[in-house]
Amino acid sequence: MNSQDELSSVAPLHRLAPKSLYIHIPFCESKCFYCDFNSYVANDEVKANYTESLLKELMLIHEAYFPKGDRPRIDTLFFGGGTPTVLPLAHWEQVATFLHDRFSIDQETEWTVEANPGSINDNVLGELKQFGVNRLSFGAQTFNETLLLAIGRLHSVRDIDKSVERAMQIGFRRISLDLMFGLPDQTLTDVRESVRRAVDFGLGHISVYGLKVEEGTPFAKWQQGGHLHLPEEDAEAAMCEEVRLLLQDAGFLQYEISNFARAGEEARHNLTYWHNEPYLAAGAGAHGYVHGRRYENVKSLLRYQQMLAGMERPIEVDLSVTAEEAMEDSVILGLRLREGVNKKAFLAHHGISLHEAFGQVIASLKQRGLLDEDEERIVIPGKYFSVANEMMVHFLGNS
Ligand code: SF4
C-alpha cells in the first residue's frame, strides 16, 4: 500500500463536492432530562444574534468550497437541534432566503426540519412549506403521558396527534417520528402502545432509540443518587426486539440500526452520513466532512458569535482523514445499513477494492457467521443486526 499521504491525495471520495448541508439550531423551549445535545433555552435577542452569525458562517462556507457566483445544487438539507422550529419565523426567512440565493434548492431537494410536537402551529407549518421544507421529523418519544413528564418533555400525547395531523393536512407528505425505549419504569406494553400509535398515523419513517444516560444530564445525576429506575438490560433488549417485530409486521424495513422506513421513504440526508459521503455543516457544535477533513464547530454560542464577528470560520477541531480512516469509516458506517457496504461504491470512493482493503477480516467474520457476502455487498446477518456496533470494531486498524 502507498503511504497515507499519497493515498489521501488520491482518495476519490475526498475529491467529491458536498451535496448535503446540515444546519444546527441550538435552541429549545426547555431541556429534557436526558439531553446532552448542544441546545439552550434562550431569549429572542440571543436567537437574533445567532441567526446573524449563522448567515456569516454560511457565506464563509460558500466562499470556501465553491467558486464565486456558483449556485451549487443541494441534494439534502437538514435543520437539526435543538428544536429548529423555536427560531422565530423572521429568522427562518432570513436563512431560507440566503440558502435559496446561494445554493440551488428545488423540489427534489430533501429538506428536513426537526420539530417538537407543540412547538409548531399552522402558521409555522405553512411558512416552512413555502420556504421549501418538505420533510418533518417530530420528536414524539413516547405516547405515555407519565413517561413524557418523567423524561422532561414539554409536549403531551395530544400535541403529538395534533401536530402530525396538522402537518399532514397542510400537505407534508414525508413525516418521521422519533420514539424512545428503555425509559424510566417503561414497560413492554408502553413500548407496544407507542409503536402502535405511531404506525396508526400511516407515516413512512420511524426512528427508535434506546435511552442512553449521558454525563452531565439530570438523568446522570439521578442515576448516581440511585433515583433513576431504568429497565434491566434484558427488558431493554426485549423492547428493542419488540419494536423491530412490530414495525416489520407493519411493513417497515429496518434500513439502519435505529431507523425504519417504508419503501422509498428512507432519510436521504442520513444516508449521506452512512454512505460516508461528504457534507457541509453550519451552526454551533455542528460537524462537517468535506475534502478529506472532518471539522467540528465551537459549541459555545458566545464563542461562535465572537469568531464570526471577525469573519473567522468557527471551527474548534479540524482533522485530516487518512485514506485508511476513510476506508474504515465507509465500512463501519455502511454496516449500520441493512443494505450493507456496496463493493462498487467502495471502489469508486477509495480507488481500492473492499477485499484488497479488508480481505482478511471479511474472511474471518464470514467464517464465524458474523458477516454475509454476495457479489455486490457485505452485510451483517439479520439476527446480529441489532448488535452490529459490537462487530464493527473488527474493522478498525485492519485495512
Ligand atoms: S427537545 Fe431535543 S434537543 Fe431539545 S432538550 Fe429535548 S432532547 Fe434535547
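For clarity, every value in this text was computed on a predicted model and none was experimentally measured. (Residues numbered from 1 in each chain as written. Predicted model: local features only at pLDDT ≥ 70, side-chain atom pairs only at ≥ 80, totals over all residues. Heavy atoms only, no water.)

Observations concerning the pattern of salt bridges
Short version of the rule: For salt bridges, the criterion is a side-chain nitrogen of Lys or Arg within 4 Å of an Asp or Glu carboxyl oxygen. Numbering of helices and strands runs from the N terminus; a helix is a DSSP stretch of H or I covering at least four residues, while a strand is a stretch of E covering at least two.
Tallied over the full model, the rule gives 21 salt bridges. Glu-265 serves as the salt-bridge partner of Arg-174, at 3.4 Å between the closest nitrogen and oxygen. Of the two residues, Arg-174 is situated in strand β5 (residues 174-181) and Glu-265 in the loop between β8 (259-261) and α10 (268-274); the sequence distance between them amounts to 91 residues. Residue Arg-244 is joined to Glu-241 by a salt bridge in which the shortest nitrogen-to-oxygen separation is 2.9 Å. Taken together, the residues Arg-244 and Glu-241, both in helix α9 (residues 233-249) and three residues apart, mark about one turn of the helix. Among the charged side chains, a salt-bridge network with shared partners connects Asp-161, Glu-193, Arg-196, Arg-197 and Asp-200.

Description of the nonpolar core
We apply this condition: For our purposes a nonpolar core is just a set of buried Ala, Val, Leu, Ile, Met, Phe, Trp, Tyr and Cys residues, chained together by side-chain atoms within 4.5 Å. When a residue's accessible area, from a 1.4 Å probe over protein chains only, is under 20% of the maximum for its type it is buried; when over 50% it is exposed; and in between it is partly exposed. Contacts are assigned to residue pairs that have any heavy atoms within 4.5 Å of one another.
One finds Phe-79, Leu-99 and Trp-111 to be the most contacted residues of the largest nonpolar core, which totals 74 residues. Ignoring sequence-local partners within four residues, the contact set of Phe-79 consists of Ile-23, Ile-25, Pro-84, Trp-92, Val-95, Leu-99, Trp-111, Thr-112, Val-113 and Glu-114. Counting residues in hydrophobic clusters, the runner-up holds 23 residues, among them Leu-354, Ala-357, Leu-370 and Ile-380.

Quick notes on the sheet that holds strand β10 (residues 287-290)
Rules: Each pair of strands is called paired provided DSSP finds at least two bridges between the two strands. To define axes, lines are fitted to C-alpha atoms, for helices over the stretch in contact only, and angles between the resulting N-to-C directions are given on a 0 to 180 degree scale.
Pairing within the open sheet is antiparallel, and its three strands lie in the order β10-β11-β12. The open sheet has two edge strands with one neighbour each: β10 and β12 (315-320). When the angles between neighbouring strand axes are averaged without regard to direction, this sheet yields 15°. Bridging between strand β11 (residues 293-297) and β12 involves five bridges; their strand directions are antiparallel. Residue Glu-296 lies in a different strand from β12, and its bridge partner there is Val-317.

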